[in-house]
Amino acid sequence: MSSNKYYVVWNGVEPGVYDSWEECELQVKNFPGAKYRAFPTQRAAVEAYRGEADLGIFKAIGQHTRQFVNYAAFPEIRLDAIAVDGACSKNPGPMEYRGVMVGDGSEVFHVGPIDGGTNNIAEYIALIHAAALLARRGDYTTPIYSDSKTALGWLAKGHSNTKITPTAANAQIRQLLARADAWRSANRILNPVIKWDTDRWGEIPADFGRK
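Below you will find a few notes about this structure.

Calculation criteria
- Residues take numbers from 1 onward in each chain, read along the sequence in its written order.
- Totals for whole chains, interfaces and linings use every residue, but because this is a predicted model, local features are given only for residues with pLDDT of at least 70 and side-chain atom pairs only at 80 or more, for both listing and counting.
- Hydrogens and water are ignored here; the side-chain numbers use all heavy atoms of the structure.
- By definition, any uninterrupted DSSP run of H or I lasting at least four residues is a helix, any uninterrupted run of E lasting at least two residues is a strand, and each is numbered from the N terminus.
- To sort residues, take the accessible area from a 1.4 Å probe on protein chains only and compare it with the maximum for the residue type: under 20% means buried, over 50% means exposed, and anything in between is partly exposed.
- Only heavy atoms enter the contact rule, under which two residues are in contact if any of them lie within 4.5 Å.
- All accessibility values rest on the Shrake-Rupley procedure with a 1.4 Å probe; residue burial counts only the protein chains present in the view.
- Working rule for helices: expected span equals 1.5 Å times residues minus one.
- This arc corresponds to the set of directions leading from the helix axis out to the C-beta atoms.
- Put simply, two rings from Phe, Tyr or Trp (the six-membered ring, in Trp's case) pair if the centres are within 6.5 Å, and we call them stacked under 30 degrees between planes, edge-to-face over 60, tilted for the rest.
- Two limits define a charge over a ring: the Lys NZ or Arg CZ must be within 6 Å of the ring centre, and within 35 degrees of the ring normal.
- Following DSSP output, two strands are said to pair if at least two bridges run between them.
- Axis lines are fitted through C-alpha atoms, for helices just across the contact stretch, and the angle between N-to-C directions can take any value from 0 to 180 degrees.
- Roughly parallel covers angles under 35 degrees, roughly antiparallel covers those over 145, roughly perpendicular covers 65 to 115, and oblique covers all other angles.
- Crossing handedness is defined as follows: a turn of the near helix away from the far one that is anticlockwise and smaller than a right angle gives a left-handed crossing, while the clockwise case is right-handed.
- Classification convention: Asp, Glu, Lys, Arg as charged; Ala, Val, Leu, Ile, Met, Phe, Trp, Tyr, Cys, Pro as nonpolar; all other residues, Gly among them, as polar.
- What makes a salt bridge here is a side-chain nitrogen of Lys or Arg within 4 Å of a carboxyl oxygen of Asp or Glu, nothing more.

1. Comments concerning the overall build of the protein chain
Inference 1: In terms of helices and strands, the protein chain carries 6 helices and 9 strands.
Inference 2: Relative to its 211 residues, the protein chain shows a buried fraction of 48%.
Inference 3: In the protein chain, the proportion of contacts linking residues at least 24 apart, taken out of those at least 6 apart, comes to 66%.
Inference 4: When the accessible surface of the protein chain is summed, it comes to about 10,500 Å², and 50% of that surface belongs to carbon and sulfur atoms.

Okay, structure coming up:
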């Protein structure tokens, strides 16, 4: 059943703003301690979502991100944003990641290839790299896009959740991942982190084009 309401999920599978009850229900059904609410307009929903986050609603569930949002809260592409993506030719295998400006595609950073990684690790570290870079610049308004649900999930939980087996070959990868987790644990991400809507917008601008 559709409606004209907008739904904020503060505590659910993927917190954010949703434009239908069906989408909201997927995030909160059978989720322990689910917290959500309906609003009559998208603007009211987005403001409520940001306001609750600013008050620390996520701290209670182990999150440090102030504006970790679903793309429904930002229906148009933000050209001033950084888009991140990762690539890995095997699993595990040579891994690399990068960030680019959405507006013109210019590369902001590019790391790798580094042996012994995975695509999920690359995309998670890319998110942390972008957030840390913006924090060093004192820029807390530039949005960050990612198309990886896994990486966004790790970011929301506050740490990675890789099952990679430690080996001598992936020692550098594990060091990078440990540094990313340490930064994530010590810092609140104040920039909006937005799920890239691949269905509507096509491949994320940082995509390596190897699919």
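2. Points about helix 5 (residues 171-186)
Inference 1: Its 16 residues place the ends of helix 5 23 Å apart at the C-alpha level, agreeing with the 22 Å of an ideal helix rising 1.5 Å per residue.
Inference 2: Of the residues making up helix 5, those classed as buried are Ile173, Leu176, Leu177, Ala180, Asp181 and Arg184. Within helix 5, the buried residues cover an arc of 135° as seen down the axis, which keeps them to one side. Opposite the packed face of helix 5, turned more than 90 degrees from it, sit the exposed residues Gln175, Arg179, Ser185 and Ala186.
Inference 3: Elements that come into contact with the buried residues of helix 5 comprise strand 6 (93-101), strand 7 (107-117), helix 3 (119-137) and helix 4 (149-157).

3. Notes on the packing of aromatic side chains
Inference 1: Inspection of the entire model under this criterion finds 7 aromatic pairs.
Inference 2: Seen from their ring centres, tyrosine 97 and phenylalanine 109 are 6.0 Å apart, and the 65° between their planes marks the pair as edge-to-face. With a gap of 12 residues between them, tyrosine 97 in strand 6 and phenylalanine 109 in strand 7 connect regions that are remote in the sequence. Considered together, tyrosine 97 and phenylalanine 109 belong to a single accessibility category, that of buried residues.
Inference 3: Among the aromatic residues, those joined into a ring-pair cluster are Tyr7, Trp21 and Tyr36.
Inference 4: The ring of phenylalanine 208 carries the charged tip of arginine 98 above its face, separated from the ring centre by 5.0 Å.

4. Some thoughts on the pairing of strand 6
Inference 1: Most of strand 6 sits out of view: 7 of its 9 residues are buried.
Inference 2: Pairing of strand 5 (residues 82-88) with strand 6, which is carried by 7 bridges, proceeds in the antiparallel orientation. Opposite alanine 83, over in strand 6, you have valine 100 as the bridge partner.
Inference 3: A loop of 4 residues connects strand 5 with strand 6, the two strands running antiparallel in sequence.
Inference 4: Bridge count between strand 6 and strand 7: 6 bridges; the pairing is antiparallel. The residue of strand 7 that forms the bridge with glycine 93 is glycine 117.

5. Describing the packing of helix 3 against helix 5
Inference 1: The N-to-C vectors of helix 3 and helix 5 enclose an angle of 50°; their axes lie 10 Å apart at closest approach. Here helix 3 is positioned oblique relative to helix 5, judged by the angle of their axes. Where helix 3 crosses over helix 5, the handedness of that crossing is left-handed. Along its contact with helix 3, which presents Ile121, Tyr124, Ile125, Ile128, Ala131, Ala132 and Ala135, the element helix 5 presents Ile173, Leu176, Leu177, Ala180, Asp181, Trp183 and Arg184.
Inference 2: Looking at the contact of helix 3 with helix 5, its residues break down into 12 nonpolar, no polar and 2 charged.

6. Structural notes on the pattern of salt bridges
Inference 1: One pass over the structure, following the stated rule, counts 3 salt bridges.
Inference 2: Measuring nitrogen to oxygen at the nearest pair gives 3.2 Å for the salt bridge that ties arginine 98 to glutamate 107.
Inference 3: Take arginine 98: its relative accessible area is 17%, and that puts it in the buried class.
Inference 4: Judged by its relative accessible area of 42%, glutamate 107 falls in the partly exposed class.

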